[in-house]
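Summary of the model geometry
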Amino acid sequence: QVQLVESGGGLVQAGDSLRLSCAASGRTFSSYGMGWFRQAPGKERELVAGLSRSGDTYHADSVKGRFTISRDNAKNTVYLQMNSLKPEDTAVYYCAATALTYSGVVVSATLYRYWGQGTQVTVSS
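Keep in mind that this is a model prediction, so the values were computed, not measured. (Residues numbered from 1 in each chain as written. Predicted model: local features only at pLDDT ≥ 70, side-chain atom pairs only at ≥ 80, totals over all residues. Heavy atoms only, no water.)

**Regarding the nonpolar core**
- By size, the foremost hydrophobic cluster in this structure holds 29 residues, and its most contacted members are Leu4, Met34, Trp36, Val78, Leu80, Met82 and Tyr93.
- Going through the elements one at a time, strand S3 (18–24), strand S4 (33–39), strand S5 (46–51), strand S7 (67–72), strand S8 (77–82), strand S9 (91–98) and strand S11 (119–124) are the ones with two or more residues in this core.
- The contact partners of Met82, leaving out residues within four places of it in the chain, are Asp16, Ser17, Leu18, Leu20, Arg66, Phe67, Tyr93 and Val121.
- Formed by 5 residues, the second largest nonpolar core is a distinct cluster that contains Leu47, Ala96, Val106 and Tyr112. (Core = buried A, V, L, I, M, F, W, Y, C linked by side-chain atoms within 4.5 Å. Buried < 20%, exposed > 50% of the residue type's maximum accessible area, 1.4 Å probe, protein only. Helix = DSSP H or I, 4+ residues; strand = E, 2+ residues; numbered from the N terminus. Contact = heavy atoms within 4.5 Å.)

Here is the structure:
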């Protein structure tokens, strides 16, 4: 059982930066694959960035070069550094964890078992 709590969202202007944090409970955090998803009004939830158990990363084309996912296993925390934010990045951002024994990044939302409550990111133009 893993509980995830996101923080760091807010209202910013285009071009600004934010860092989202996701604190996880449990003593086996390092064994989980992690992902940051987002969902804008009227749109499907999409994977923004993923991190495998072995440290491989994935970033969606729409955020590549601007967002970076990372984790600190000692702090049971995964981060999403978001730079050069755009209005189209506005969404609720969710942290998710998967216990799937897969060496790569899990990209399907249906394979993530644990989800945080979400944090709102709003980027004004």
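**Concerning the side chain of Asp89**
- Residue placement: Asp89 occurs in the loop between S8 and S9.
- Of the polar contacts made by the side chain of Asp89, one reaches the backbone nitrogen of Lys86; its length is 2.8 Å.
- When neighbours within four sequence positions are excluded, Asp89 is seen to be in contact with Arg38, Arg66, Phe67, Ser84, Val121 and Val123. (Polar contact = N/O pair within 3.5 Å; in protein donor to acceptor, adjacent residues only side chain to side chain.)

**Some thoughts on the pairing of S7**
- Where burial is concerned, the two faces of S7 differ: the one with Phe67, Ile69 and Arg71 is buried and the one with Thr68, Ser70 and Asp72 is not.
- Counting the residues that bridge the hairpin from S7 to S8 gives 4 residues, and of these Asn76 lies at a positive phi of roughly 50 degrees. (Pairing = 2+ DSSP bridges.)

**Remarks on the side chain of Thr77**
- Assignment of secondary structure puts Thr77 in strand S8.
- Judged by its relative accessible area of 9%, Thr77 falls in the buried class.
- Thr77 has contacts with Ser21, Cys22, Ala23, Phe29, Ser70, Arg71 and Asp72, leaving out every residue within four places of it along the chain.

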